[in-house]
Amino acid sequence: MDFIVLHLSPRGDSIRFEEAQKITAYIRESCPDHVLVMGDFNSSSPFDADEMEQKPLRMQRLAASAARNSANREMRHFFPDYSVQSTFLATPLADVYRLYVKPANRTTMPTRMLIENSKREDLHAVSGGRIDYILLSYPLLQKCVDAFIWNGEDTDYLSDHYPVGVDMVLLHETE
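Right, let's walk through the structure included here. (Residues numbered from 1 in each chain as written. Predicted model: local features only at pLDDT ≥ 70, side-chain atom pairs only at ≥ 80, totals over all residues. Heavy atoms only, no water.)

Some remarks on the side chain of Arg-112
For step 1, the next point in the chain: By the element assignment, Arg-112 lies in the loop between helix 5 (96-100) and helix 6 (121-127).
For step 2, the next point in the chain: At a separation of 3.1 Å, a polar atom in the side chain of Arg-112 contacts the side chain of Asp-156. (Helix = DSSP H or I, 4+ residues; strand = E, 2+ residues; numbered from the N terminus. Polar contact = N/O pair within 3.5 Å; in protein donor to acceptor, adjacent residues only side chain to side chain.)

Quick word on the pattern of salt bridges
For step 1, the next point in the chain: Per the counting criterion, the structure on display carries 5 salt bridges.
For step 2, the next point in the chain: With its nearest N and O atoms 2.9 Å apart, the salt bridge here joins Arg-106 to Asp-48. Placement of the pair is Arg-106 in the loop between helix 5 and helix 6 and Asp-48 in the loop between strand 2 (35-40) and helix 2 (49-52), with a sequence separation of 58 residues.
For step 3, the next point in the chain: With a relative accessible area of 5%, Arg-106 lands in the buried category.
For step 4, the next point in the chain: Measuring nitrogen to oxygen at the nearest pair gives 2.7 Å for the salt bridge that ties Arg-130 to Asp-48. Within this pair, whereas Arg-130 is found in the loop between helix 6 and strand 4 (132-136), its partner Asp-48 is found in the loop between strand 2 and helix 2, the two being separated by 82 residues in sequence.
For step 5, the next point in the chain: Among the ionic contacts, a cluster of salt bridges with common partners joins Asp-48, Asp-95, Arg-106 and Arg-130. (Salt bridge = Lys/Arg side-chain N within 4 Å of Asp/Glu carboxyl O. Buried < 20%, exposed > 50% of the residue type's maximum accessible area, 1.4 Å probe, protein only.)

A closer look at the packing of aromatic side chains
For step 1, the next point in the chain: Summed over the entire model, instances satisfying the criterion amount to 3 aromatic pairs.
For step 2, the next point in the chain: For the ring pair Phe-41 and Phe-88, a centre distance of 5.0 Å and an interplane angle of 80° mean the geometry is edge-to-face. One end of the pair, Phe-41, is in the loop between strand 2 and helix 2; the other, Phe-88, is in helix 4 (residues 83-89), and 47 residues separate them in sequence.
For step 3, the next point in the chain: Judged by relative accessible area, which is 0%, Phe-88 ranks as buried.
For step 4, the next point in the chain: With centroids separated by 5.3 Å and ring planes inclined at 20°, the aromatic side chains of Phe-148 and Trp-150 adopt a geometry described as stacked.
For step 5, the next point in the chain: Under the relative-accessibility criterion, Phe-148 is labelled partly exposed at 24%.
For step 6, the next point in the chain: In this structure an aromatic cluster arises from ring pairing among Phe-41, Phe-88 and Tyr-133.
For step 7, the next point in the chain: Above the plane of the ring of Phe-47 lies Arg-98, whose end atom (NZ or CZ) is 4.5 Å from the centre. (Phe/Tyr/Trp six-rings, centres within 6.5 Å; stacked < 30°, edge-to-face > 60°. Lys NZ or Arg CZ within 6 Å of the ring centre and 35° of its normal.)

Describing the pairing of strand 2
For step 1, the next point in the chain: Buried residues dominate strand 2, accounting for 5 of its 6 residues.
For step 2, the next point in the chain: The pairing of strand 1 (residues 2-7) with strand 2 spans 6 bridges and is classified as parallel. The residue bridging Leu-6 from the neighbouring strand is Gly-39, located in strand 2.
For step 3, the next point in the chain: Note on the crossover from strand 1 through helix 1 (residues 13-30) to strand 2: the handedness is right-handed.
For step 4, the next point in the chain: Inspection of the sheet shows strand 2 paired to strand 4 by 5 bridges, in the antiparallel sense. Its bridge partner lying in strand 4, Asp-40 is registered against Asp-132. (Pairing = 2+ DSSP bridges. Right-handed = clockwise from strand over helix to strand, strands pointing away.)

Side note on the nonpolar core
For step 1, the next point in the chain: Membership of the largest hydrophobic core comes to 16 residues, with the highest contact counts inside it found for Ile-27, Val-37, Phe-41, Phe-88 and Leu-135.
For step 2, the next point in the chain: Elements that contribute at least two residues to this core include exactly strand 1, helix 1, strand 2, helix 4 and strand 4.
For step 3, the next point in the chain: Among residues more than four places away in sequence, those in contact with Ile-27 are Ile-4, Val-35, Val-37, Thr-91 and Leu-93. (Core = buried A, V, L, I, M, F, W, Y, C linked by side-chain atoms within 4.5 Å. Contact = heavy atoms within 4.5 Å.)

Re the sheet that holds strand 2
For step 1, the next point in the chain: Strand order in the open sheet formed by 4 strands is 1-2-4-3, and the pairing between neighbours is mixed. The open sheet has two edge strands with one neighbour each: strand 1 and strand 3 (94-95).
For step 2, the next point in the chain: In the packing of helix 1 onto the sheet, contacts are made with strand 1 and strand 2, and the angle to strand 1 comes to roughly 175°. (Axes fitted to C-alpha atoms, helices over the stretch in contact; angles between N-to-C directions.)

Structure (structure tokens):
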């Protein structure tokens, strides 16, 4: 089983797209059927579009970031750019959180650790998004039994991102 732990560039969607293309080319050329890719992708998933586009504070933050950074295509035409995540999904890799976590509970950032993030539950609920993922190859997905985003009170001040994880049943196969 291969593990790829990544942190894609925070500097712009075009940079992240290039990184995604390099990583997915490596996966297609070098990795066996059992690969797990995880980390901070700094990008939005098309699986979260309906939920995310209904969060006005999240959309405002993305628009402000795009306005400040010409390399950031994230809010081109006032809609998030899903091409980075789509590149990984087309490899093909499966988004385990789409299967195990309800859309309203998929927030991985920001936590309440960030000073500009409101401590009020109503505002926090409409400002978050998901940029941290665990993606699995389809043969490995069959061994996944659950996935978690620990985005509650207990983890609000551990990092600026909430922890993510999966439960898998991996049995040693003998010949």
